[in-house]
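The primary structure of each chain is shown beneath.
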Amino acid sequence: MPKNLLIVESPAKAKTIEKILGKDFTVKSSYGHIRDLPKSERAVDIEKGFEPKYIVTPDKHKVVKELKEWVKKVDEVWLATDEDREGEAISWHLAQVLGLDETKTKRIVFSEITPPAILKAVQSPRSIDRHLVDAQQARRVLDRLVGYELSELLWKKVKGKLSAGRVQSVAVRLIVDREREIQQFDTTPFYKVSAQFKVPNEQGNLTALKAEAPGKFDGEKDARGFLEKCIDATFTIGDIEVKPQKRRPAAPFTTSTLQQEASRKMGFAVKRTMVAAQKLYEQGFITYMRTDSTNLSELALQAIAAEIENQFGKRYLHTRRYKSKSASAQEAHEAIRPTYIEKQQVPGHRDEQRLYELIWKRTIASQMADAELEKTIVQIGISTMKDAQLQAEGEVLTFDGFLKVYLESKDDEEDEDTKGMLPPLKVGQVLNLQHMDATQRFTRPPARYTEAGLVKKLEELGIGRPSTFAPTISKIMEEGRGYVVKESRDGEERTFQVFHLVDRKITQKTQKEIVGKTKNQLFPTDMGSIVCDFLVLHFDGIMDYGFTADIEKQFDEIALGKENWKAMLGDFYHPFHATVEKTLEEADRASGERILGMDPVSGRTVLVRLSRLGKPVIQIGKPEELEEGEKPRYANLRAGQNMESVALEEALESFQLPRTIGQLEDQEVSVGEGRFGPYVRFGDQYISIPRNEDPMALTMDRAMELIHEKRKADAPIGTYKGEPISKGKGRFGPFLKWNGLFINIPRKYNPDHITLEEAHTLIEEKLKKEANRYIQQWEAEQISIENGRWGPFVRFKKKMISLPKVDGKRMTDEDAALLSLEAVKKVIEAEVPDAFTKKTKSKK
């Protein structure tokens with residue numbers, strides 16, 4: 001029997017460490033946090049100084065029971081959860097629940113899962129750091145209080161089931177503010193002049209030399225005037241400047257920079273990056289993946305130096321000791337790096353392999369020599385304009401250095417104009433102009449955030465920490481919240497002018513380009529904008545970027561033992577709660593209403609607003625404009641439209657639905673809009689139009705495609721007991737339909753290629769489940785007792801109600817089968833008072 005129990009939070013991590021420590025240790029996993037604040041009741045006792053009421057979460061009872069049994073079997077318990085605040089809190093909760101003395105229990109930390117690191121940690125244990133625990137508790141309690149109180153406020157003032165959070169709401173504000181910046185941006189045209197000359201290369205063959213006029217021309221007149229003056233000009237090289245340049249490698253990865261680079265280079269979402277990084281860490285391939293430090297250990301620097309010398313030679317080595325820019329970074333922690341630098345590839349899932357390769361290259365490159373370049377700038381004089389000139393630039397890589405391995409990507413790489421090598425040139429050389437163009441360009445608004453761009457901005461502002469970036473972004477993009485969407489959208493066509501000078505003649509052409517095309521960028525929804533505006537109006541402090549960053553600094557102070565966490569909570573919470581109470585009492589309901597103008601047909605007001613169901617709608621007619629008993633007319637916004645930018649003409653077009661677009665098989669085909677969105681109607685069939693397709697622009701050909709796709713999807717795939725089986729896709733995913741029964745298709749099956757045998761199996765399993773579903777049923781009263789995952793329960797209409805315990809234990813199926821209808825009704829009335837009281841209409 002092992003003498004020591006070592007507890008980590010991940011089962012994969014446990015397996016790796018157990019192999020290292022040998023037979024004296026058994027390593028078990030807590031599977032993350034074992035305790036948390038309860039969801040339903042008040043989880044924090046504010047009157048008792050913000051005392052949290054922690055509970056063991058239901059899914060961890062079995063884990064806790066097993067760990068307690070192991071504690072009794074061993075001589076000593078070691079806690080080895082992650083080295084950040086979250087990991088320290090998990091260790092503290094384990095000590096509390098398992099009855100361990102937190103001052104004497106051995107706590108070890110390590111930044112990599114390798115034999116040297118683990119054995120070194122075991123030789124130098126410490127006790128639980130209560131300052132780190134308190135910092136985590138402060139964040140958890142504060143976020144719970146803010147989240148619950150703001151969410152409850154939003155339910156009453158905007159829409160039910162909405163939520164808000166201290167960091168998440170600020171992240172949404174960043175996206176809303178950026179979108180408004182883009183919408184309000186005033187695009188200004190200007191002209192850029194470029195020229196191409198023919199010059200001989202080293203072999204004597206003519207090659208192109210490209211040059212540009214520095215700066216820009218404000219208008220068409222200035223640009224054309226410049227070209228006119230160049231018609232009879234002579235172009236002569238006036239100066240050639242050659243200067244050496246160096247390019248330095250980027251620092252090793254932090255959590256933030258890894259998320260950004262994985263997004264740019266591989267298209268990974270932030271969550272996808274962190275899932276792959278977690279697995280790499282747990283298998284011992286990389287150091288800890290939640291860090292804001294760029295530091296590398298001396299041992300790592302030595303190993304990297306040896307690898308660079310071995311692979312590339314001594315000239316490529318340049319040892320660097322990076323210091324983190326972040327004031328909160330802990331230099332005792334390391335950057336994200338491979339644990340064994342000589343290992344260039346690892347086994348596993350493709351995501352893990354690609355991410356590891358990225359980390360390996362970045363780490364190696366950070367310790368390599370600068371790349372050396374030679375930049376040449378050529379000034380070309382224009383004989384007809386003494387004060388004007390053209391400029392040609394070239395760049396030659398004289399020593400590749402770190403570029404042999406890795407080049408950091410940028411968000412605006414499409415703007416980078418890579419300079420090539422110039423042909424042989426000399427001062428005084430007269431150049432032969434081939435052609436010159438003055439091309440109309442336009443100023444551009446700032447780009448929308450990508451996930452990686454948002455992480456970068458949050459880090460710049462000091463909002464959040466390495467462990468919070470991925471959860472924050474995942475939260476604001478949850479479908480149930482509906483605040484932010486990640487979308488790729490088609491751009492719009494725009495014309496631009498080009499003046500072309502060739503053979504002493506100037507011609508003008510109108511050309512076309514696509515602008516505004518986006519790929520995987522973050523857009524605020526109308527709901528996101530309205531909630532953001534409401535919170536900014538009433539809680540400007542919480543929604544202020546600087547204030548949120550200051551809260552993060554206070555957490556850092558608590559972690560260092562410089563501030564009391566409960567006092568910090570008191571300073572924040574009491575003014576905040578007073579504002580919530582005031583807003584609840586005084587604030588109007590937020591609907592985002594915006595008047596667009598007047599309907600030319602009815603003469604009534606046209607407006608957009610958020611309905612009580614939280615859906616953006618266009619409305620014709622305000623209540624005071626309507627006749628008695630008359631209702632306003634409503635229409636939905638179309639794909640790509642939003643409440644802040646939709647114009648009157650666009651809004652009125654939405655009232656043109658339904659519209660007939662043709663006939664098919666002697667039946668009318670029309671396009672309409674319903675509560676679930678736009679649709680094609682064909683006979684008795686309603687076929688949904690895919691998201692982002694404009695129903696106003698839908699053609700008959702496209703409608704026929706949708707009809708045929710629907711027919712194909714609805715076609716029976718076979719029969720079961722003589723009844724047809726068909727497939728479909730609904731709100732909760734793909735399903736089979738048989739004899740009025742809907743059967744969900746589990747993920748392990750491919751719904752597009754499901755076999756008849758698999759369909760039969762699913763139907764039989766569903767029938768068996770349905771047969772065992774009801775313990776008792778009273779159809780007329782809409783009451784039933786059903787089998788559930790955690791035991792029998794009562795279903796009354798659409799509501800599920802727990803049955804009372806018997807002698808402190810859950811009621812069994814046998815007990816539930818003996819309950820009378822009257823007894824069940826009493827259980828329902830305890831949960832739903834007046835459930836069976838007949839409602840009568842009050843007389844006016």
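No experiment lies behind these values; they were computed from the predicted model shown.

(A) Region of the structure containing the sheet that holds strand β27 (residues 718-720). Strands sit in the order β27-β28-β29-β30 across an open sheet of 4 strands; the sheet is antiparallel. The open sheet has two edge strands, β27 and β30 (741-744), and neither has a second partner. Averaged over all adjacent pairs, the angle separating strand axes in this sheet is 40°, with direction ignored. Strand direction decides the pairing type here: strand β29 (residues 733-738) and β30, joined by 4 bridges, are antiparallel. Across the sheet, the residue bridging to F735 is N744, located in β30.

(B) How the structure looks around the sheet that holds strand β32 (residues 783-786). Spatially, β31-β32-β33-β34 is the arrangement adopted by the 4 strands of the open sheet, whose pairing is antiparallel. Each having just a single partner strand, β31 (774-778) and β34 (799-802) make up the two edges of the open sheet. For this sheet the average axis-to-axis angle between neighbouring strands, irrespective of direction, equals 20°. Examined bridge by bridge, β31 and β32 share 4 bridges and lie antiparallel to one another.

(C) Region of interest: the side chain of E282. Secondary-structure assignment places E282 in helix α9 (residues 270-282). No salt bridge is formed by the buried E282; the nearest opposite charge belongs to K13, separated by 7.2 Å.

(D) Just the packing of helix α8 (residues 255-266) against helix α11 (residues 350-366), in detail. Taken N-terminus to C-terminus, the directions of α8 and α11 make an angle of 115°; their axes are 11 Å apart at the nearest point. Crossing of α8 over α11 shows right-handed handedness. Judged by residue contacts, T257, L258, E261, A262, K265 and M266 of α8 engage R354, L355, L358, I359 and R362 from α11. Broken down by class, the residue content of the contact of α8 with α11 amounts to 6 nonpolar, 1 polar and 4 charged.

(E) The nonpolar core, seen in detail. Grouped together as the largest cluster of nonpolar side chains are 147 residues, with contacts concentrated most on L6 and L355. Of the residues forming this core, the biggest block, 11 residues, is contributed by helix α5 (residues 130-157). With near-sequence residues (within four places) excluded, L6 lies in contact with I17, L21, F25, T26, V27, K28, W78, A80 and I108.

(F) The arrangement of the pattern of salt bridges in detail. Counting across every chain of the model gives 52 salt bridges. Among the salt bridges present, the one from R337 reaches E112, with a minimum N-O distance of 2.5 Å. Residue R337 is located in the loop between α10 (298-312) and α11, and its partner E112 is located in the loop between β8 (106-107) and α4 (115-123); the two are separated by 225 residues in the primary sequence. Taking the relative accessible area as the measure of exposure, E112 reaches 11% and is therefore buried. In this structure, E786 and R795 form a salt bridge, with 2.9 Å as the shortest nitrogen-oxygen distance.

(G) Seen up close, the packing of α10 against α11. Between α10 and α11, the shortest axis-to-axis distance is 10 Å and the interhelical angle comes to 90°. With respect to α11, the element α10 is oriented roughly perpendicular. Within the contact between the two elements, α10 uses I304, E307, I308, Q311 and F312 and α11 uses W360, T363 and I364. Classifying every residue of the contact of α10 with α11 gives 5 nonpolar, 2 polar and 1 charged.

Conventions adopted
Residues numbered from 1 in each chain as written. Predicted model: local features only at pLDDT ≥ 70, side-chain atom pairs only at ≥ 80, totals over all residues. Heavy atoms only, no water. Pairing = 2+ DSSP bridges. Helix = DSSP H or I, 4+ residues; strand = E, 2+ residues; numbered from the N terminus. Axes fitted to C-alpha atoms, helices over the stretch in contact; angles between N-to-C directions. Buried < 20%, exposed > 50% of the residue type's maximum accessible area, 1.4 Å probe, protein only. Lys, Arg positive; Asp, Glu negative; His and termini not counted. Salt bridge = Lys/Arg side-chain N within 4 Å of Asp/Glu carboxyl O. Left-handed = near helix turned anticlockwise from the far one by under 90°. Contact = heavy atoms within 4.5 Å. Nonpolar A, V, L, I, M, F, W, Y, C, P; charged D, E, K, R; others polar. Core = buried A, V, L, I, M, F, W, Y, C linked by side-chain atoms within 4.5 Å. Parallel < 35°, antiparallel > 145°, perpendicular 65-115°, else oblique.

Distances and angles like these do not, on their own, reveal function.
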